[in-house]
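# Survey of secondary and tertiary structure
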Amino acid sequence: MADVASPIGILTQVRVVAGLRWRILRNGLRKKASRFDLLGLILLGVFSGFFVVGLCVAFFTGAYAFLSEGRFGLFGLLFWGIFLFWQLFPIFAAGFGASFEFRSMLRFPLNLTAFYVIGLAYGLADFSAVASVCWLASMTLGAAAARPGVLPAMLLVAALFLLLNVTLERLVGSWLERLLSRRRTRELFFALFILAMVSLNLIEPSMRHYGGLLGPLALRIIPYIAWLPPALAGRAIAAAAEARFGWLVLGSAGLFVYAAVFSVFLWRRFASQYRGEELSETAAPVPAAARALAKPADSSDRLSALSPQVAAVVRKEFRYLTRNTFSFFTLIMPPVMVLIFGTMFAGKHPASEHPVSPEILFPGIMAYLVLILMGPAYNCFAFEGRGIQTYFMAPLHFRDIFLGKNLMLLSVLGVETVLSLVMLAWLLGLPSLPVFLATMAAIVFAVVGQLSIANWSSVTLPRKLEFGQIRGQRQSGMAVLVAFAAQIVFGGVSAVVLFSGRWTGNRWFPAEAFTLLAAAAVGGYFASLDGMSRLAEEKKEVLIEALCR
């Protein structure tokens, strides 16, 4: 029968797969959790749209000004901005891009060309790609408004630049996927990523200290980057504006060569995946070795004050934290950032020209700690996977599970707070006693007050995450919005109460107010545990379906 069947065209294959994906998306919206997720993504998209539209105006204005005022050499800066954003943002926000599962696509009878086209088209679904396409369109409109004769060249260069960038982004993503298929490599990459993020805070002091040496060094590097794609695109448009068609052809040809080379490498990567390349770190099977029975420990249990159920959950959460290297590494970030902020804005030798008083810096840094460390609480079942079924079969209530998870989070927050306090006391000293006590009470109010909301979000809007993965680790869109709104509300209330001491002239008023708010938050938290247990039983199917995929 295969010899009798007529071959299917590439466009037909692409259309069939696109239709299937649309049906999967539409059918998935029948679930309430999926509708909430879509609503959250839409709202986040609206906020992101303001960012994109604002820069669209900037790119339009820049293109119009550079061409109308004759500053053709600066036009390449616009291409550089788009190029860097398109290639770097997907790496920094790897969990928020459109995930392309090649192994799932191999279930369909696609030929290699259709597989390549679909894989390339998925690159246009990333936020960085959509934003960059909008900015390229704005640049084209600005160039056409300034010099209509440049429009054909601008369309050609923009098309080549778009093809080059989407191909390079898919190629880099494919190489990273292969590189990060091993856990040790992922851990090393993540450690370097954290180091790079921390190093960004040292750019401004380094520029002030070594600014005189960077100018001559930049002049030496410029000739070498003149043949990179953004520089070629800028030179091609400048040549078109000056009617130097030889340089226009040279720049366009350079972009085409870059796109062709990247396409060849991407074709080879997709061909390997099309032939069934399996990226896995599963160990080869070996004979199982006999294991000795564990002997009961003679020492007393440090968690004996807790109930056995709560203590067991705390132990499990601690093991999950130490096993998940990415989460463990993120605990290093808050103290390091405290050290950097303390060095930059205060201390004996501040890097900033405008030192900040400990009365303001101390509450701000404590608020930063709460903001960073409370994020995972809004999806506390993320790493349970199929183990979520054990909770419903074990002889315990969900209030014990929430207590164990929340106690572990509070322990981590307590350790991070103590480390930060030690660093702040060493760098700039502690603030006055009223501000110190008010800040500590505000931490209790903000953290405990958010725990009830976070527990509700974890049950209602669960999202499965995997240990040791970076790409595709995206929280539920509505859960992100809930966390964002809760942080804004609690942060706003805390800021108003803190500044009320200055407005009223009573320095002890914030501490007294936060003590009452903290007591109310603690009482509300314990009152909500039974309700959360009943809600977890009602949402049993939602939890199991979301976490057991």
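Residues numbered from 1 in each chain as written. Predicted model: local features only at pLDDT ≥ 70, side-chain atom pairs only at ≥ 80, totals over all residues. Heavy atoms only, no water.

### Considering the overall build of the protein chain
When its secondary structure is counted, the protein chain shows 21 helices and zero strands. Counting contacts in the protein chain only where the partners sit at least 6 residues apart, residues at least 24 apart contribute 81% of the total. Counting every atom, the protein chain has about 30,200 Å² of accessible surface; 70% of that belongs to carbon and sulfur. (Helix = DSSP H or I, 4+ residues; strand = E, 2+ residues; numbered from the N terminus. Contact = heavy atoms within 4.5 Å. Areas by Shrake-Rupley, 256 points an atom, 1.4 Å probe, with all protein chains shown as cover.)

### Some remarks on the nonpolar core
Counting 67 residues, the largest nonpolar core has Phe381, Ile388, Phe398 and Phe402 as the members making the most contacts within it. Phe75, Phe115, Val157 and Val166 belong to the second-largest nonpolar core, a separate cluster that totals 47 residues. (Core = buried A, V, L, I, M, F, W, Y, C linked by side-chain atoms within 4.5 Å. Buried < 20%, exposed > 50% of the residue type's maximum accessible area, 1.4 Å probe, protein only.)

### As for the pattern of salt bridges
Taken as a whole and judged by the stated rule, the model has eight salt bridges. With a closest N to O distance of 2.8 Å, Glu317 and Lys316 form a salt bridge. Here Glu317 matches Lys316 in class, with each residue buried. For Glu317, the salt bridge is made with Lys405, and the minimal N-O distance between the two is 2.6 Å. Of this pair, Glu317 sits in helix H12 (residues 308–323) while Lys405 sits in helix H17 (residues 398–427); the two residues are 88 residues apart in sequence, bridging distant segments of the chain. Each member of the pair Glu317 and Lys405 is classed as buried. Look at the salt bridges and you will find they share partners, linking Lys316, Glu317, Glu384 and Lys405 into a network. (Salt bridge = Lys/Arg side-chain N within 4 Å of Asp/Glu carboxyl O.)

### A few points about the side chain of Asn455
Along the polypeptide, Asn455 turns up in helix H18 (residues 433–460). When sequence neighbours within four positions are dropped, the list of residues in contact with Asn455 reads Phe402, Asn406, Tyr525 and Met532.

### Here we look at the side chain of Ser528
Positionally, Ser528 belongs in helix H20 (residues 509–538). At a separation of 3.1 Å, a polar atom in the side chain of Ser528 contacts the side chain of Ser452. (Polar contact = N/O pair within 3.5 Å; in protein donor to acceptor, adjacent residues only side chain to side chain.)

### Considering the packing of aromatic side chains
When we look at a pair of aromatic rings, we describe it by the centre distance and by the angle of the planes. With the rule as written, the count across this model stands at 21 aromatic pairs. Judged by centre distance (6.0 Å) and plane angle (75°), the ring pair of Phe51 and Trp135 falls under edge-to-face. Remark: Trp135 occurs in helix H6 (residues 127–146) and Phe51 occurs in helix H2 (residues 32–68); sequence separation between them is 84 residues. You can call Phe51 partly exposed: its relative accessible area is 40%. Given a relative accessible area of 2%, Trp135 falls into the buried group. When the ring of Phe85 is compared with that of Phe89, the centres are 5.1 Å apart and the planes differ by 20°; the resulting orientation is stacked. Here the residue Phe85 and the residue Phe89 both occupy positions in helix H3 (residues 75–92), the gap between them amounting to four residues, near one helical turn. Relative accessible area serves as the criterion here: at 30%, Phe89 is assigned to the partly exposed category. An aromatic cluster is defined as three or more aromatic residues linked by ring pairs; in this entry it consists of Phe51, Phe59, Phe85, Phe89 and Trp135. (Phe/Tyr/Trp six-rings, centres within 6.5 Å; stacked < 30°, edge-to-face > 60°.)

### Some points on the environment of Ala226
Within the secondary structure layout, Ala226 lies in the loop between helix H9 (203–225) and helix H10 (229–241). Judged by its relative accessible area of 22%, Ala226 is partly exposed. Sequence separation between Ala226 and Gly76 is 150 residues; the distance between their C-alpha atoms is 9.8 Å.

### As for H12
Here H12 contains 16 residues, and its C-alpha end-to-end distance of 22 Å stays within 8% of the 22 Å for a straight helix at 1.5 Å per residue. Within H12 the residues assigned to the buried category are Val310, Ala311, Val313, Val314, Lys316, Glu317, Tyr320 and Leu321. (Expected span 1.5 Å × (residues − 1).)

### Things to note about the packing of H17 against H18
Look at H17 against H18: their axes get within 11 Å of each other, and the N-to-C directions meet at 150°. In terms of their interaxial angle, H17 and H18 are classed as roughly antiparallel. Read as a crossing pair, H17 and H18 show a hand that is right-handed. Seen from H17, the contacting residues are Phe402, Asn406, Leu409, Leu410, Leu413, Thr417 and Leu421; seen from H18, they are Phe436, Met440, Ile443, Val447, Leu451, Asn455 and Val459. Looking at the contact of H17 with H18 residue by residue, the class counts come to eleven nonpolar, three polar and no charged. (Axes fitted to C-alpha atoms, helices over the stretch in contact; angles between N-to-C directions. Parallel < 35°, antiparallel > 145°, perpendicular 65-115°, else oblique. Left-handed = near helix turned anticlockwise from the far one by under 90°. Nonpolar A, V, L, I, M, F, W, Y, C, P; charged D, E, K, R; others polar.)

### A short note on the state of the cysteines
A covalent bond bridging the sulfur atoms of two cysteines is what the word disulfide describes. Per the counting criterion, the structure on display carries zero disulfides. With no disulfide of its own, Cys134 has Cys56 as its nearest cysteine by sulfur position, at a separation of 5.1 Å. For Cys134, a relative accessible area of 31% translates into the label partly exposed. (Disulfide = S-S within 2.5 Å.)

### Focus: the confidence of the model for the protein chain
Of the residues in the protein chain, 69% have a pLDDT of 70 or more, and the chain-wide mean is 76. Mean pLDDT values for the elements of the protein chain range from 61 in helix H4 (residues 102–105) up to 89 in H6. Across residues 1–5 the pLDDT falls below 50, and counting only partners more than four positions away or on other chains, this stretch makes zero contacts in the model. When the criterion is pLDDT under 50, residues 95–100 qualifies, and its contacts beyond four places in sequence or with other chains add up to 16 contacts. (pLDDT = per-residue confidence, 0-100.)

### Some points on the packing of helix H7 (residues 151–179) against helix H11 (residues 245–274)
Contact pair H7 / H11: the axes reach a minimum separation of 9 Å and the direction vectors enclose 30°. Between H7 and H11, the crossing angle belongs to the class labelled roughly parallel. Like other packed secondary-structure pairs, H7 and H11 cross with a definite hand, here left-handed. Across the contact of H7 with H11, the residue classes break down as 18 nonpolar, five polar and four charged.

### A few points about unusual backbone geometry
A positive phi is found at Ala243, a non-glycine position, where the angle reads about 60°. By the secondary structure assignment, Ala243 is in the loop between H10 and H11.

### Let's talk about the environment of Leu409
Mapping Leu409 onto the fold places it in helix H17. Given a relative accessible area of 16%, Leu409 falls into the buried group. In the structure, Leu409 is positioned 42 residues away from Leu451 in sequence and 9.7 Å away in space, judged by C-alpha atoms.

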